[in-house]
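Structural characterization, general
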Amino acid sequence: MILTVTSWKGGTGKTTLAVLAAIILAARGKRSLIVDLDSNCAISQVFGQVLKDFTSMEFLSGNGENFKGVYSARQNIDIIPGSLNNMLLNNIMDRQLKINLKRAGYTEAYDYIIIDPPGYWGAHTRNAVFSADTIVIPGACSRIDYEATRLYFRTLRECYIEANTLVCVNAFNAESNLPGIHDEYKSEFGEFLLAEPVPYIKSLKKLTSDPDYTLQAGIRKRLERTVDAITGTKGGENA
Ligand SMILES: Nc1ncnc2c1ncn2[C@@H]1O[C@H](COP(=O)(O)OP(=O)(O)OP(=O)(O)O)[C@@H](O)[C@H]1O
Ligand SMILES: [Mg+2]
């Protein structure tokens with residue numbers, strides 16, 4: 001399954017959700033390939049894979065064959081790192097990533113391909129969207145995140161994107177959410193909204209600096225259910 005976590009606004013929790021999904025799937029014995037398409041290389045940094053010789057830029061520039069830039073990050077987690085030069089690559093086909101993932105054999109070799117694009121619409125995000133089987137748009141409980149999510153979701157629907165497109169409320173905190181905004185998410189997105197929001201996680205900084213950090217059990221359980229909802233599987237079952 002190719003999973004793209006994307007939004008039209010920065011800082012909504014794309015990278016966080018991609019990291020959490022990869023960690024939870026890895027613990028279930030599922031193999032993931034993370035593709036970092038963002039020039040800030042945030043997810044590559046989480047897994048200690050920055051400034052590598054081969055990056056997603058070389059992968060997108062080539063035809064997918066004999067690519068040398070898949071690095072092992074953890075057990076069951078490989079990564080094609082991001083490139084600081086990514087913005088130089090604008091004249092590529094919107095389906096190049098999908099074509100190359102297939103040609104390279106990665107869609108067969110991995111249980112999940114998890115794509116982390118930048119937080120704006122451009123060649124990289126289009127490639128991420130047009131590769132996906134499932135798209136998840138995260139948004140926090142603020143007016144600006146809600147409006148950005150609404151605009152993006154509607155636009156993707158109008159473009160007839162074939163992927164299963166879901167919305168996920170992120171960093172939910174009953175004490176600091178904009179009052180009523182979660183209900184607005186529910187009525188706008190209905191069945192396309194993940195039933196359970198991802199909570200505000202105080203210890204997230206520890207996790208992103210050390211992906212082996214053990215999440216608090218209650219939070220982990222909620223995240224397991226989020227991953228189940230996104231991947232359509234129950235914990236531990238085969239995809
Ligand atoms: N559930 C959460 N609980 C607490 N903090 C969170 C949560 N999700 C994200 N954050 C924090 O919000 C900030 C932005 O998160 P993240 O980098 O995942 O967003 P992004 O959408 O990938 O951003 P960008 O558009 O820059 O790529 C980070 O500091 C992250 O630690
Ligand atoms: Mg990010």
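Our subject in this report is the structure included herewith. (Residues numbered from 1 in each chain as written. Chains lettered and ligands numbered in written order. Predicted model: local features only at pLDDT ≥ 70, side-chain atom pairs only at ≥ 80, totals over all residues. Heavy atoms only, no water.)

**Here we look at the nonpolar core**
Ranked by size, the top nonpolar core spans 34 residues in total, and within it Ile 34, Phe 47, Ile 114 and Leu 223 carry the most contacts. Of all the secondary structure elements, the ones that give two or more residues to this core are β1 (2-5), α1 (14-27), α2 (42-46), β3 (71-74), β4 (77-80), β5 (112-116), β7 (164-170) and α10 (217-231). Setting aside residues no more than four positions away along its own chain, Phe 47 makes contact with Val 19, Ile 34, Ala 73, Arg 74, Ile 77 and Pro 211. Counting residues in hydrophobic clusters, the runner-up holds 19 residues, among them Ile 2, Leu 37, Phe 67 and Tyr 110. (Core = buried A, V, L, I, M, F, W, Y, C linked by side-chain atoms within 4.5 Å. Buried < 20%, exposed > 50% of the residue type's maximum accessible area, 1.4 Å probe, protein only. Helix = DSSP H or I, 4+ residues; strand = E, 2+ residues; numbered from the N terminus. Contact = heavy atoms within 4.5 Å.)

**Things to note about helix α4 (residues 96-103)**
Among all positions of α4, only Gln 96, Leu 97, Asn 100 and Leu 101 are buried. All buried residues of α4 project into a common sector of 130° when viewed along the axis, lining one side. Buried-residue contacts for α4 involve β1, β2 (32-36), α3 (56-61), α5 (106-109), β5 and α6 (123-131). The first or second residue beyond α4 is Gly 105, which carries a positive phi of 85°. (Arc of directions from axis to C-beta.)

**Examining the pattern of salt bridges**
Under the counting rule described, the total for this entry stands at 15 salt bridges. When the shortest N-O distance is used, the salt bridge between Arg 74 and Asp 212 registers 2.9 Å. Of this pair, Arg 74 sits in strand β3 while Asp 212 sits in the loop between α9 (204-209) and α10, and the two are 138 residues apart along the sequence. Of the residues examined, Arg 74 reaches a relative accessible area of 26% and is grouped as partly exposed. For Asp 94, the salt bridge goes to Arg 126, with nearest N and O atoms at 2.8 Å. Of the two residues, Asp 94 is situated in the loop between β4 and α4 and Arg 126 in helix α6; the sequence distance between them amounts to 32 residues. Look at Asp 94 and you get partly exposed, because its relative accessible area is 26%. The partly exposed category is assigned to Arg 126, whose relative accessible area is 22%. (Salt bridge = Lys/Arg side-chain N within 4 Å of Asp/Glu carboxyl O.)

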